[in-house]
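As a plain string of letters, each chain reads:
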Amino acid sequence: MLPRADFIFTIGYDGPSAVVDNQAKKRYGALSTRELAERGLFRAAYSSAVYSKDPRELETVVEIYNKTAGASLTVNSPLERLFGVFPVEVKRAIVL
């Protein structure tokens, strides 16, 4: 499995390898799920919540997203489609 920061900032896949945004990883990789969401980095925040497998983190992302976007999503909404994040088992990362 990829390290947390690599998973959070994966921007695509090249075969069996994740393609990682290195600039975003360096700048925001140490932030918590809540901090990412509060900065408006909702895709990264959602990825962080998925990586942690902690339902409270997912609830936090949804709460902050709803407040910011004026939406009414729930944790049961199709968030993976909204943010384009699906857990994928890869072992390598290509850092750009």
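See the structure shown above.
As the structure is a computational prediction, the values presented were derived from the model and not from experiment.

1. As for the sheet that holds strand 3 (residues 92–95)
Across the sheet, which stays open at both edges, the 3 strands sit in the order 1-2-3 with mixed pairing between neighbours. Every other strand in the sheet has two partners, leaving strand 1 (10–14) and strand 3 as the edge strands with one partner each. Averaged over all pairs of adjacent strands, the angle between their axes in this sheet comes to 35 degrees, without regard to strand direction. Relative to strand 2 (residues 17–20), strand 1 runs antiparallel, the two being bridged by 4 bridges. By the bridge assignment for strand 2, Thr 10 is matched with Val 20.

2. Some details on the packing of aromatic side chains
If you walk through the whole model with that rule in mind, you get 4 aromatic pairs. With 5.6 Å between their ring centres and 40 degrees between their planes, Phe 7 and Tyr 51 make a pair best called tilted. With Phe 7 in helix 1 (residues 4–8) and Tyr 51 in helix 4 (residues 42–52), this pair connects stretches of sequence that are 44 residues apart. Assessed through its relative accessible area of 8%, Phe 7 is described here as buried. Taking the relative accessible area as the measure of exposure, Tyr 51 reaches 23% and is therefore partly exposed. Centroid distance Phe 42 to Tyr 65: 5.2 Å. Interplanar angle 90 degrees. Geometry classified as edge-to-face. Here Tyr 65 lies in helix 5 (residues 55–69) and Phe 42 lies in helix 4, a separation of 23 residues in the sequence. For Phe 42, a relative accessible area of 12% translates into the label buried. By way of ring pairs, the aromatic residues Phe 42, Tyr 46, Tyr 65 and Phe 83 are connected into one cluster.

3. Description of the nonpolar core
Within the largest apolar cluster, 25 residues are counted, with the highest numbers of intra-cluster contacts made by Phe 9, Tyr 28, Leu 36, Phe 42, Tyr 46 and Phe 83. Among the secondary structure elements, those contributing two or more residues to this core are helix 1, strand 2, helix 2 (22–28), helix 3 (33–38), helix 4, helix 5 and helix 6 (79–83). For this core, the leading source of residues is helix 4, giving 6 residues. In contact with Phe 42, not counting residues within four places along its chain, are Ala 37, Ile 64, Tyr 65, Thr 68 and Phe 83.

4. Considerations on helix 4
Summarising burial for helix 4: 8 of the 11 residues are buried, a large majority. All of the buried residues in helix 4 are Phe 42, Ala 44, Ala 45, Tyr 46, Ser 47, Ser 48, Ala 49 and Val 50. Buried-residue contacts for helix 4 involve helix 1, helix 3, helix 5 and helix 6. Positive backbone phi, approximately 60 degrees, marks Lys 53, located one or two places after helix 4.

Rules and cut-offs
Residues numbered from 1 in each chain as written. Predicted model: local features only at pLDDT ≥ 70, side-chain atom pairs only at ≥ 80, totals over all residues. Heavy atoms only, no water. Pairing = 2+ DSSP bridges. Helix = DSSP H or I, 4+ residues; strand = E, 2+ residues; numbered from the N terminus. Axes fitted to C-alpha atoms, helices over the stretch in contact; angles between N-to-C directions. Phe/Tyr/Trp six-rings, centres within 6.5 Å; stacked < 30°, edge-to-face > 60°. Buried < 20%, exposed > 50% of the residue type's maximum accessible area, 1.4 Å probe, protein only. Core = buried A, V, L, I, M, F, W, Y, C linked by side-chain atoms within 4.5 Å. Contact = heavy atoms within 4.5 Å.

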